[in-house]
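Listed below, chain by chain, are the residues.
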Amino acid sequence: MNDAPIHLAIDAGIARLTMNRPKALNALNSALLSELASILDDLESRDDLRAVLITGEGEKAFVAGADIAEMRDKTPDEARAFASQALTTIKRLERLPVPVVALVNGFCLGGGCELALACDWAVASDNAVFGQPEVLLGVIPGFGGTQRLPRRVGPAMALDLVTTGRKIDAQEALRIGLVNQVMFQAELEQYAETLAKQLGGNGPQAVRSAKQAVHDGMDQDLDSALALETSLFALSFAGSEQSEGMSAFLEKRKPSF
Ligand code: HXC
C-alpha cells in the first residue's frame, strides 16, 4: 500500500476505500478529508460504479476520530471551517448514488463513528469499539453525529452516547441498530467479496433507484415519499433491466445486467 492518506482500489465497479493513517489510528485530518473529496470527484463521475466499501488500514482501527493534534490549537472560526469541510465531504459520500458500506475493523470513535453513520449501513468486526467521546475532550460531535446518530439509533440512545462519551462494543452497537452485522475480523474480507458479488449481480439502475427512494423519501412526508417510490418503480420499466430481469426469471436463467 502506498502512503496516500486513503487507498483507493476499483474492481468491476466496486470501489474500496481504505483510510490509511494507521500510526494515528486512521484519524481524520485535513489532508485525508481533501483526499476523500478528490476521490469523490472521481467516483461521482463514474457511470459504472456499483458500490463503495470503506474500511481502515490495520487491525486496530476503522477511524479513531478527527485528528486531535490538528484540532487542538484551532480558533472557533478555524474549527467551523474544519467541520464544514468534513460535513460537505461526508454528505457527498452519503449521497453517492450507489450503496456505501462501512466495514468497521476496530476503533470507530468520534468523527470515525460519524463517517460510519453516513454510510448506508455498517458491519463490524467483533473487536470494534464505537463511541462519540467528544465531551471527554470538551467539545461536541462536529461531523454530523448529533444529527445522524439519533436518526439511526433513536434520540434516547444518541443522547446517552453523546453526553456520557461512553464507548460501546460491537454487540451493543448491533443491539441498538448502529451496525447491521458483527463478524470475526478475518471474515470482513469474505463479507466484502460476497457483498461485491451480490451488488455487482443486481440491476445497477434498480440498485441506484432503491437507494434514491430510501434517501429522498426519508426527507419527505409519507404520501410524497410513496409517490416518489411509484415514480421510480414506473421508471424502472423504461430501461432494459426490467425486461431482462423478468425474462430471466421466467426463462429460468440468471439475468445479465
Ligand atoms: C490523533 C490519535 C487519535 C485521534 C489515536 N491517535 N486517536 N491521533 N487524533 N483521534 C494516536 C495516538 O495519539 C497515538 O499516537 C496512536 O494514535 C495510537 O493511539 P494510542 O492512544 O496509543 O492507542 P491505545 O492506547 O490503544 O488507545 C486507543 C484509543 C485512543 C482508545 C482509540 O487512541 C483514543 O482514545 N483516541 C482518541 C479517541 C477520540 O477521542 N476520538 C474523538 C476525537 S474528536 P502516538 O504518536 O502517541 O503513537 C472528534 C471530533 C469530530 O472526532 C468533529 C470535529 C469537527
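Sequence order as written defines the numbering, with residues in each chain counted from 1. Residue-level local features of this predicted model are given only where pLDDT is at least 70; pairs of side-chain atoms are given and counted only at 80 or more, and the full residue set underlies all totals for whole chains, interfaces and linings. Neither water nor hydrogens contribute to the side-chain values; these are computed over all heavy atoms in the structure.

In the annotation of an unreviewed UniProt entry, the entry for the protein chain reads Enoyl-CoA hydratase, and the organism field reads Onishia taeanensis. Of the comments in the UniProt record for the protein chain, the one headed Sequence similarities (unreviewed entry) reads "Belongs to the enoyl-CoA hydratase/isomerase family." UniProt positions are given in the numbering used here, feature names are shortened, and annotations may be inferred rather than shown by experiment.

What to know about the site of the ligand
Residues in close proximity to the ligand total 22 residues, the closest being Lys 60, Ala 64, Ala 66, Ile 68 and Gly 111. Side-chain atoms alone can form a polar contact between residues adjacent in sequence; in general such a contact is a pair of N or O atoms within 3.5 Å, and within protein one must be able to donate a hydrogen while the other accepts it. In the environment of the ligand, an oxygen atom lies 2.7 Å from a nitrogen or oxygen atom belonging to the side chain of Lys 60. Between a nitrogen atom of the ligand and a main-chain N or O atom of Ala 64, the distance comes to 2.9 Å. Labels follow the DSSP assignment, with helices taken as runs of H or I lasting at least four residues and strands as runs of E lasting at least two, numbered in each case from the N terminus. Counting residues per element, the ones that place at least two in the shell around the ligand are α2 (68-71), β6 (107-109) and α4 (111-117). Across the shell around the ligand, the residue classes break down as 13 nonpolar, 4 polar and 5 charged. Neighbouring residues are identified by heavy atoms, a residue being near a molecule or strand if any of them is within 4 Å of it. For this scheme, ten residues count as nonpolar: Ala, Val, Leu, Ile, Met, Phe, Trp, Tyr, Cys and Pro. Four count as charged, namely Asp, Glu, Lys and Arg, and the remainder, Gly too, count as polar.

Here's the deal with the nonpolar core
Residues enter a nonpolar core if they are buried and are Ala, Val, Leu, Ile, Met, Phe, Trp, Tyr or Cys, with the set joined through side-chain atoms within 4.5 Å. Only protein chains enter the accessibility calculation, which uses a 1.4 Å probe. A residue is then buried if its area is under 20% of the maximum for its type, exposed if over 50%, and partly exposed in between. Leu 17, Val 52, Ile 54, Phe 62, Val 104, Phe 130 and Leu 178 are the most contacted members of the largest nonpolar core, which has 49 residues in total. In contact with Ile 54, other than residues within four places in its own chain, are Leu 17, Met 19, Phe 62, Leu 93, Val 100, Val 101, Ala 102, Leu 103 and Cys 119. Leu 53, Val 101, Leu 103 and Leu 199 belong to the second largest nonpolar core, which has 12 residues in total. We call two residues in contact when some of their heavy atoms are within 4.5 Å.

Observations regarding helix α6 (residues 155-164)
Among the residues of α6, Ala 158, Leu 161 and Val 162 are the ones counted as buried. Projection of α6 onto a plane perpendicular to its axis shows the buried side chains occupying an angular sector of 90°, all on one side. Summarising the geometry of α6, the exposed residues directed more than 90 degrees from the buried face are Ala 156, Leu 159 and Thr 163. Here the buried face of α6 lies against α5 (145-153) and β9 (168-169). Following α6 by one or two positions, Gly 165 has its phi on the positive side, about 70°. Think of the arc as the fan of directions from the helix axis to the C-beta atoms.

Things to note about the domain arrangement of the protein chain
What fixes the domain bounds is an automatic or database domain assignment. For the protein chain, the domain assignment lists domain 1 (6-200) and domain 2 (204-250). Look at where the C-alpha atoms of domain 1 and domain 2 centre, and you get two points 27 Å apart. Both sides together, the interface formed by domain 1 and domain 2 hides about 800 Å², and carbon and sulfur atoms give 44% of it. Broken down residue by residue, the surface that domain 1 buries against domain 2 is led by Arg 50, Arg 95 and Pro 97, which jointly contribute 52%. Salt bridges are defined as contacts in which a side-chain nitrogen from Lys or Arg sits within 4 Å of a carboxyl oxygen from Asp or Glu. Summed over the shared surface of domain 1 and domain 2, the number is 3 salt bridges. Here Asp 120 ties to Lys 211 by a salt bridge, and the two come within 2.8 Å at their closest N and O atoms. Buried area is a sum: the accessible area each of two parts loses on coming together, probed at 1.4 Å, counted once for each and added.

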